[in-house]
Structures are given as C-alpha cells and as structure tokens.
Amino acid sequence: GSGKTTILLAKLKLIVDRMPLENGAGICVLSHTNVAVNEIKKRLPDYAGKLLSYPNHIGTIQSFVNKYVTIPYLRNIVGKNVQEVDKFTYAQHMLNRMQGGKYKELNYVTKKIFEADRQITNRVEYLQELKIRDDGSLCVGNRVSPLAGKDTTSTKQYNALIEDLLKEEGIIRYQDAYLYAKDAINTLPKTFTDLFSLRFQYVFIDEYQDCDSIQKQAIDMIFNPTKCTVIKLGDPDQAIYNSLIKQESDWIPKPEFLSISSSCRYSQEIADVIGKLKKGDQNIIASIGKSGMKPVLLIFDPNKIDRVISEFIDILETRGLYKDKGVYKAIGAAKNSSGLKIGSYWPEFDSTVKKQRECNYWTLIDDIVTSLLDGNLYKAERIVRKLLLQIFRYAKIKHPVSGKEYSITSITKELNNEYQEMYSQWIYELSRIQNFERESINHLMLQKINELLKVKKMNAVDIFRRLPEYFFDKSVVISQTSISEKNIFIDQTRGYRIEFDTIHGVKGETHDATLYLETVRNRASDLNRILPYYGVGECGNSRLFDYSRKLAYVGMSRPKKLLCVAMQTQTYEKSNGIFTDDWEIIELRE
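Residues numbered from 1 in each chain as written. Predicted model: local features only at pLDDT ≥ 70, side-chain atom pairs only at ≥ 80, totals over all residues. Heavy atoms only, no water.

Structural notes on the side chain of His93
With respect to the element layout, His93 can be found in helix H5 (residues 87-98). Not counting residues within four places of it along the chain, the set of residues in contact with His93 comprises Leu165, Glu169, Ile171, Tyr394 and Tyr470. (Helix = DSSP H or I, 4+ residues; strand = E, 2+ residues; numbered from the N terminus. Contact = heavy atoms within 4.5 Å.)

Dropping the structure here:
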C-alpha cells in the first residue's frame, strides 16, 4: 500500500504526454503478471490506447523474452515454430516419448523410483519435477539425493529427450525459456542487443524483488543502462517467491535508491507491528494516522481451533466492520503441512483450487463456455483456434504447404483463406447456440471438427485415435463456477463470507480485514520463527527464519482496517509478553 503502482502509472502518464520520444523510441514495462496492463486499462483508460501499442511494450518479463529473444532464436535453430507449454503438458509429452522405447533406461529408472516414492502419487507430476542440477546430475525437485549422476545413461537420455521435444515437437518449458535466452544473447552480435536500448528509452521493471538470478541476468544483458533509463520498482521485504525455493539472495537496491516509507493502506497501529518485520531501521508512516483500533491476537489451544474463525466474525460484527462488498480473508503460509496448516482451521479448504488448470480438451471447452456466458464471442473464437491447434499438434498434422507444424497464425490464415465460409458458419452457429453448457458446446465442436477434417480429406476416426488419452481426461478439469465458490466460508447465522487463501495467493491485494493463521513447516511454526524480530530469542541458521519474516510481512500488510493473528498457546507462551502493548489479546482457551 505504499503507492508503487500509482507512481508507475503517474510516470507513464507524464512520459506519454511528451511522446513521440526522440528517434521514435518507446516505453517498456515488465512485470511477472499482467497486473500493469490491467491497471493501465482501469486507471488510465484515456492513455491505454497509446501505452499498449507500438512503439511501447507492456507485459510480463517472460512474454518479452520469449517474443524478442528466445522464440526467434529457437525457430532459427530448429527450423519450426516453437511453443512454451505448461509443466503438466510437457510432462505428458515426456511420458509419451519415454514409453515409445527410445528412452528405456530413463523410463525404467523414473518408473521404479516413482513407484517407491510416497510423496508424489501421480507419475506425470513426478516427471514435472525432474531437472538437471548445477553439478550435472539428474534430480527430483529440490531433494538432496540425485536420481542419477552426471555421466549415467539416464541423465544422458533425459538431456536427449529435452532436445528431442524441442526439435521434433517444438515445445519448451517455462523454466527453459531464460536458459535459451541467455544462450541467444551470448550468440547474438552486440549490434543486435543494442537495438533494445534504442527501441525503448524508458524501461520499468515492476516487482523486481521477485526476479530470480536468471531473469536479472537476462534483463541486464538486454538493456544497457548507459543507453536507456532502467527503473526497478519493488520491495525486498516482499521477496517470497525465490528466496527459499531457489535460495536466491535478496535484491539490494543501489545506495541512491528512492525510498517510499509511507503506507496509504493501513493505520499506524498496524504499521507499528509489521514495521518490526522489515529489514533496516526505517519506520513505516501510515498516511491516515492512528485509527484507535489495535491489531488483535487470538490465542487458542489446538482443541479449540474451531473457535478462531467464529471469533474473527464476531469481531467484525461487534466493531461494525463487515460490509456486503468488503474483502475479508483468512490466510496462511502452509497448505500441505503434516502439522498445523490452513485446512486445520477449516477442513473444507482446498489447496488445489488455484493450481494452473492443465490444457486439455475439456478445459478448452469450459473456457469457450465461460467466454460465451460473458458475451465475449471473440474470445470464444480464439479458443476454438487454440483447440484446433492442440488437436493438430497431438495428431502430428503438418501444414500442407510449408510442411511445418501449425501455429495459431498459420491456422488463422488457413481458416480465413481456405475454409472461410465453413469456419464463418461454425462461429455463427456457436453464437446462436441457446444452451451454454459443456455438453452442448462439446457436441457442436466435435461435429464441426469432423466436418473440417472431412473437407481436408482426413479420416476423423484415425485423427482422434492419435490423440493421447490425457487430452480427454475430465479429472484434471475444475469448472470455473466451482472454482469461484470454493474456499469461501459462509457463516450460517449472519451470512458473512470469509475467503481462505495462501499468503502467496493474496500478494498485492488489499483487504478490509485479514486473519493471519499460524501454520507449521519443517516442524516449527512461522510465528515461532518471527519471535526474534520482536525481541524474543535469536534467529537460527535456517533460511526459513528470514522467509517466515517476509511471509508474515506480506500477509499482515494486506488489511485496511483490521489485522487479526491466530496464534497457538505454545507460541504465545514463548513470547514473554512482548505483544501486550501493541496488540489486543483475546483468549480462546477457556
């Protein structure tokens, strides 16, 4: 709530007012999500047209690197269009090829180890975690013991498989994009990379603290700060994505950085308690001053944990804080812990709801349904083309002229040039359909796909036989309607709605009131690990202490009006009364 996004938008407005810039240069805004694009459309609608068009580029770091560096480089190497796919889809392609006989040793080792592994129950999920470590060995996730050494047949076959998927199927994973980008930048002449600094006079990198080392290297190699202005916005205390998993060092801004020490979101009472979780001695100044309402600490015994949510709702009611359109969330760090976790407070919490929906036939059908229900026929038509692309790729149908795999561009051209009348009728019938349900859309899609294949003189039965079973697996699909209604606790007496989520899931949000839930990871709780920052005990050597500090800082800085923290008795008893002055203590142990 310090106003970083507002400042970015103000800077963009001032620059656009002075466009065109010298030599027709533009502005580049990069972040990890499309939040910047959405904020521009929402808060600068009169400027959106200019900002979102040439010569400017506003989007994710990943999309920028892919568009301008990785994909052109790989297309030049393999001679075909290359696509970035999600981990699930990539792992399915891996499994498909491994079972074909070419990678027998890798298939045998991974199957044998998977069957003995109790942590992962699905082989595709297991294959998603495979990677080559810095020492060249093949490993699963961040586990210490390698699956196979650097020079083993399994590791060599894994590397060959990755190259095979690139050259034969034209697919790469999200995490591979920057590695290829680094190779590309090292290969490209300096005169080419200098063009980026000439094309973009101003470069803004938002949420810079969440960039990992590979992303930072790519940005540094692409943009020369002596030839263009590079501005990094972020908060090192909110670096919760890479500091633990990838063991990245925190971003340290240069000595001359411009600091924002105030908050426009919460009261001074909240600022005082979360300020202790920041690195450095700078206090947080709340622009609204004091509200007269201290943060609340709910102390509970494990056998009284069910009282936490009801007490939070009681506080909202007695203080008149609940409004029908307000945002009230209960958040925690650990969702899959064997100890205290988010689901311990409300057993119906489903930690898989926000998991990326894997791309398969039924997911695309549901996306068409959602687009039509929203009145967005153009979006539905775009998904129809994406559905055709998936079918053509899986069935290995090549473009009749180029002999290459289809891309969205080549499919669009063919539909418009060769099958315009048929495809127009297809979309017309889609727009006229009365029943926007999955089965109705499915029936129409299958009918039209069969008609198209017949006109292309292809055997539809044979084509569909070539498609892998997982493409039609309904079990991976969660309907959009059920997603929106999941993880919302509704109080039966008053109808109050409290949404449950993870701290990562609410980063960047503003709530009216937030309930922070103590959770356990690696046999110790997050709140226990932050006691040293309040003056009790000392931080251990584990990176989890600093990681817990940042998680607590992010989670507790969400609310505008009320911060509640649920703390179990054993943690509170270790605190030696340090919370007495700044917090209102409510006992739930009687």
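Read on, since the account is not over.
What about the packing of helix H15 (residues 361-373) against helix H19 (residues 438-455)?
In contact at an axis separation of 9 Å, H15 and H19 are set at 110° when each is read in the N-to-C sense. By the criterion of interaxial angle, the relationship of H15 to H19 is roughly perpendicular. Crossing hand, H15 versus H19: right-handed. Listed contacts from H19 to Tyr361, Trp362, Ile365, Asp366, Ile368, Val369 and Leu372 of H15 are Arg438, Glu439, Ile441, Asn442, Met445 and Leu446. Classifying every residue of the contact of H15 with H19 by side-chain character gives nine nonpolar, one polar and three charged. (Axes fitted to C-alpha atoms, helices over the stretch in contact; angles between N-to-C directions. Parallel < 35°, antiparallel > 145°, perpendicular 65-115°, else oblique. Left-handed = near helix turned anticlockwise from the far one by under 90°. Nonpolar A, V, L, I, M, F, W, Y, C, P; charged D, E, K, R; others polar.)

Section: a nonpolar patch on the surface
On the surface, a nonpolar cluster with roughly 280 Å² of combined accessible area is contributed by Phe192, Leu195 and Leu198. As for its placement among the helices and strands, Leu198 is situated in helix H10 (residues 190-199). Leu198 sits in the exposed class, given a relative accessible area of 57%. (Patch = residues over 30% accessible without salt bridge, like charges linked within 9 Å, V, L, I, M, F, W, Y side chains within 5 Å. Areas by Shrake-Rupley, 256 points an atom, 1.4 Å probe, with all protein chains shown as cover. Salt bridge = Lys/Arg side-chain N within 4 Å of Asp/Glu carboxyl O. Buried < 20%, exposed > 50% of the residue type's maximum accessible area, 1.4 Å probe, protein only.)

A few points about the pairing of strand E15 (residues 511-517)
Most of E15 sits out of view: seven of its seven residues are buried. Note: E15 against strand E18 (residues 559-568), six bridges, orientation parallel. Considered in E18, the bridge of Ala513 is made with Leu562. (Pairing = 2+ DSSP bridges.)

Some points on the pattern of salt bridges
Oppositely charged side chains are able to pair whenever their charged atoms sit close together. For the structure shown, the criterion picks out 33 salt bridges. Residues Lys329 and Glu509 are paired through a salt bridge, measuring 2.8 Å at the closest nitrogen-oxygen approach. A residue pair is termed long-range when its members are at least 10 positions apart, and Lys329 in strand E12 (residues 328-332) and Glu509 in the loop between helix H22 (503-506) and E15 qualify at 180 residues. A residue is classified by how much of its surface remains accessible, and Glu509, at 23% relative accessible area, is partly exposed. For Glu573, the salt bridge identified is with Arg589, shortest N-O distance 3.8 Å. One end of the pair, Glu573, is in helix H25 (residues 569-574); the other, Arg589, is in the segment after strand E19 (584-588), and 16 residues separate them in sequence.

Examining helix H9 (residues 177-187)
Every buried residue belonging to H9 is among Ala177, Tyr178, Tyr180, Ala181, Ala184 and Ile185, and all of these are buried. For H9, the angular spread of buried residues about the axis comes to 155°, placing them on one side. For H9, the exposed residues set more than 90 degrees away from the buried face come down to Asn186 and Thr187. Residues of H9 that are buried sit in contact with helix H4 (61-78), strand E3 (83-85), helix H8 (153-169), strand E6 (171-173), H10 and helix H11 (213-222). (Arc of directions from axis to C-beta.)

Here we look at the nonpolar core
Burial of nonpolar side chains together is a common tendency in soluble globular proteins. Ranked by size, the top nonpolar core spans 38 residues in total, and within it Ile368, Leu387, Ile391, Trp426, Leu430, Ile441 and Met445 carry the most contacts. Of all the elements in the fold, those that place two or more residues in this core are H15, helix H16 (377-394), helix H17 (408-417), helix H18 (420-432), H19 and helix H20 (460-466). The dominant element in this core, judged by the number of residues it contributes, is H16, at nine residues. Contact partners of Leu430, with chain neighbours within four places excluded, come to Ile368, Leu372, Leu377, Ala380, Val384, Ile441, Leu444 and Met445. Formed by 33 residues, the second largest nonpolar core is a distinct cluster that contains Ile240, Ile270, Ile274 and Tyr547. (Core = buried A, V, L, I, M, F, W, Y, C linked by side-chain atoms within 4.5 Å.)

So, the sheet that holds strand E8 (residues 229-232)
By definition, the strands of a sheet pair up through backbone hydrogen bonds, in either a parallel or an antiparallel sense. Pairing in this open sheet of four strands is parallel, and the strands run E2-E1-E7-E8 from one edge to the other. The open sheet is flanked by strand E2 (57-60) and E8, the only strands paired with a single partner. Strand-to-strand, the axes of this sheet are offset by a mean angle of 10°, without reference to chain direction. The sheet contact formed by strand E7 (residues 200-205) and E8 spans four bridges and is parallel. Note that in E8 the partner of Phe204 across the bridge is Ile231.

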